[in-house]
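Each chain, letter by letter, is given below.
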Amino acid sequence: MNRDPLAMERTATNDGIRLAYDMEGRGHPLLIIGGLSADRIFWGLSRPLLAGHTTLCFDNRDMGASGRADGPYSVADMARDALAVMDSAGIDAADVLGHSMGGAIAQELTLMAPERVHRLVLSNTLARNDGYTRELMGLLKRLRREITDPVTYVSTLATYTLGRVTLGTVPLEAIARQALATSPLQEVEAFERQADACAGIDTLDRIGDIRAPTLVLHSPDDRFFATSFARAIADAIPGARLHEVPLCGHCPMVEAPDTFAKAVQDFLR
C-alpha cells in the first residue's frame, strides 16, 4: 500500500477489542470502511487517489491487525467500532465510504450517529439479504473451511469478487499469489463470524431516516450484490444518487481504481 510519510498505525478500543487504524493525507476527513475479509491494504490502489481528504482507514474486528472477537456480533456492533475509531482519531464528523459489508456498517453508523456523517458513499453493498445472498454466505463459509490450499481458496474467491474483464486479463493464480503476498488469510473462525454478521444485515426499513447526501455505487458484473440491491438502497434513502462503475465486478476500487476514485471525488466535491 502506498503510505503517506505522516501515516502511523494507531489503535482504538471497543467492546474490549483492539482496532488498528491509520490516517493519511490532508483535508476533510473521509472514513473508509472495508468489507468481508478485507483489511486496509485492500484500499491500497484507490486510497492515494482520494486526494484532498484525510483518509481514516481501519481493520474491522476479526481482520488484519485488529483484535479477534470471542463470539458472534452484528454490523451494528461493527458500526460502534467505527465510531470508536473516529473518537480515537479526534474526528467529530466525516464523510463516510463503505464497501460491501462496510457499506452496511456505514448505514448503521449513519443511523445511530447522524451528526457524525457529512456525506455517505455506499459501494457494492446491500440493505437486506435475500435467499441468494444468505446461501452465498453459507457457501463462502464452507469454502473457507474446506479448501485448505491458500492459492486455490483465493483463486476460488476471486471468481466471485472480480468481474469478467479483470478475470479475462489476469490469471487467477497470479491474482491469488499477489493477494497472499500482501495480506495473510483471515482465520477460519474469524471469517465465519464476519460472514454471519453479513447474513444478518437488514437496514432497508430504517435507511429512509438517513438525511446525509448519499451516493450509491454499483457494478454491472457484481456477482455478490446485483444492481437491484443498489437500486433498493437508492430508492429508500431520500435524494440518494445511483451511479454505475462500468466493466467491474464486486471490487471496483481494485479493478478500476481511477474510475472508482473519480466517482467518489466528484460526489464529495
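Chains are numbered independently. Their residues run from 1 in the order of the written sequence. For this predicted model, a pLDDT threshold of at least 70 governs which residues receive local features, and a threshold of 80 or more governs which side-chain atom pairs are given and counted, while totals over whole chains, interfaces and linings are taken from all residues. Side-chain calculation: all heavy atoms of the structure are included, whereas hydrogens and water are not.

Quick look at the sheet that holds strand β3 (residues 28–33)
Formally: Strands are labelled as partners when DSSP assigns at least two bridges between them. Per the convention used, a helix needs a DSSP run of H or I reaching at least four residues, while a strand needs a run of E reaching at least two, with both numbered from the N terminus. Interaxial angles span 0 to 180 degrees and are taken between N-to-C directions of axes, which are lines fitted to C-alpha atoms, for helices over the stretch in contact.
The strand order β1-β2-β4-β3-β5-β6-β7-β8 describes an open sheet built from eight strands, whose pairing is mixed. Strands at the two margins of the open sheet, each flanked by one partner only, are β1 (10–14) and β8 (241–244). Between one strand axis and the next, the sheet turns by 25° as a mean value, whatever way the strands run. In the sheet, strand β5 (residues 94–99) pairs with strand β6 (residues 117–123) via five bridges, with the strands oriented parallel.

Some thoughts on the pairing of strand β2 (residues 17–24)
Rule in force here: Only protein chains enter the calculation, and the probe is 1.4 Å; a residue is then buried if its accessible area is under 20% of its type maximum, exposed if over 50%, and partly exposed in between.
Of all the eight residues making up β2, seven are buried; the element is thus mostly covered by neighbouring parts of the structure. Here β1 pairs with β2 via five bridges, running antiparallel. Looking at β2, one finds that R10 is bridged to Y21. Between β1 and β2, which follow one another and run antiparallel, lie two residues, and D15 among them has a positive phi close to 55°. Here β2 pairs with strand β4 (residues 53–58) via four bridges, running antiparallel. The residue bridging M23 from the neighbouring strand is L56, located in β4.

Remarks on the nonpolar core
Heads up, the condition is: The definition of a nonpolar core used throughout is a set of buried Ala, Val, Leu, Ile, Met, Phe, Trp, Tyr and Cys residues joined through side-chain atoms within 4.5 Å. Any pair of residues with heavy atoms lying within 4.5 Å of one another is described as a contacting pair.
In this structure, Y21, L31, I33, L56, L109 and L140 are the most contacted members of the largest nonpolar core, which totals 61 residues. At nine residues, helix α1 (residues 75–89) tops the list of elements feeding residues into this core. With sequence-adjacent residues up to four places away left out, L109 is seen in contact with L31, I33, A79, A82, L83, P114 and V117.

A short note on the environment of T259
Of note, T259 is situated in helix α10 (residues 257–268). For T259, a relative accessible area of 40% corresponds to the partly exposed category. For the pair T259 and L49, spaced 210 residues apart in sequence, the C-alpha to C-alpha distance is 10.0 Å. Look past the residues within four positions of T259 in its chain and what remains in contact with it is V245 and P246.

Some details on the layout of surface pockets
To be explicit about the condition: Cavity means a closed set of points on a 1 Å grid over the protein atoms alone, one where a 1.4 Å probe fits but cannot get out, pocket means an open set with protein on both sides within 12 Å along at least 5 of 7 lines, and lining means a residue has an atom within 4 Å of a point. Grid points are joined across faces, edges and corners, and a volume is the space filled by probe spheres set on the points. Following the grouping adopted for this structure description, the nonpolar residues are Ala, Val, Leu, Ile, Met, Phe, Trp, Tyr, Cys and Pro, the charged ones are Asp, Glu, Lys and Arg, and the polar ones are all others, Gly among them.
In this structure, the largest pocket encloses a volume near 1200 Å³. Lining of the largest pocket is provided by 46 residues; of these, F42, I175, A179, T182 and V254 occupy positions nearest its centre. Where the lining of the largest pocket is concerned, the elements lending two or more residues are α3 (131–146), α4 (150–161), α6 (172–182), α7 (188–199) and α9 (252–255). Class assignment for the residues of the lining of the largest pocket results in 29 nonpolar, 14 polar and three charged.

Some words on the pairing of β4
Summarising burial for β4: six of the six residues are buried, a large majority. With burial as the criterion, each face of β4 is covered, one bearing H53, T55 and C57 and the other bearing T54, L56 and F58.

Looking at the packing of aromatic side chains
Keep this limit in mind: Centres within 6.5 Å are what make two rings of Phe, Tyr or Trp a pair, Trp counting through its six-membered ring; a difference in plane orientation under 30 degrees is then read as stacked, over 60 as edge-to-face, and the rest as tilted. In this analysis the charged atom, NZ for Lys or CZ for Arg, is taken to sit over a ring once it is within 6 Å of the ring centre and within 35 degrees of the ring normal.
Here the structure, examined in full by the defined rule, presents five aromatic pairs. Plain terms: the ring middles of F224 and F225 are 6.1 Å apart, the flat faces sit at 55° to each other, and that makes the pair tilted. Take F224: its relative accessible area is 6%, and that puts it in the buried class. When the ring of F225 is compared with that of F229, the centres are 5.8 Å apart and the planes differ by 65°; the resulting orientation is edge-to-face. Given the relative accessible area of 4%, F225 is considered buried. Every member of this aromatic cluster is reached through a ring pair, and the members are Y160, F224, F225 and F229. Looking at R61, its charged tip hangs above the ring of Y73, at a distance of 4.9 Å from the centre. Between the NZ or CZ atom of R144 and the centre of the ring of Y153, over which it lies, the distance is 5.2 Å.

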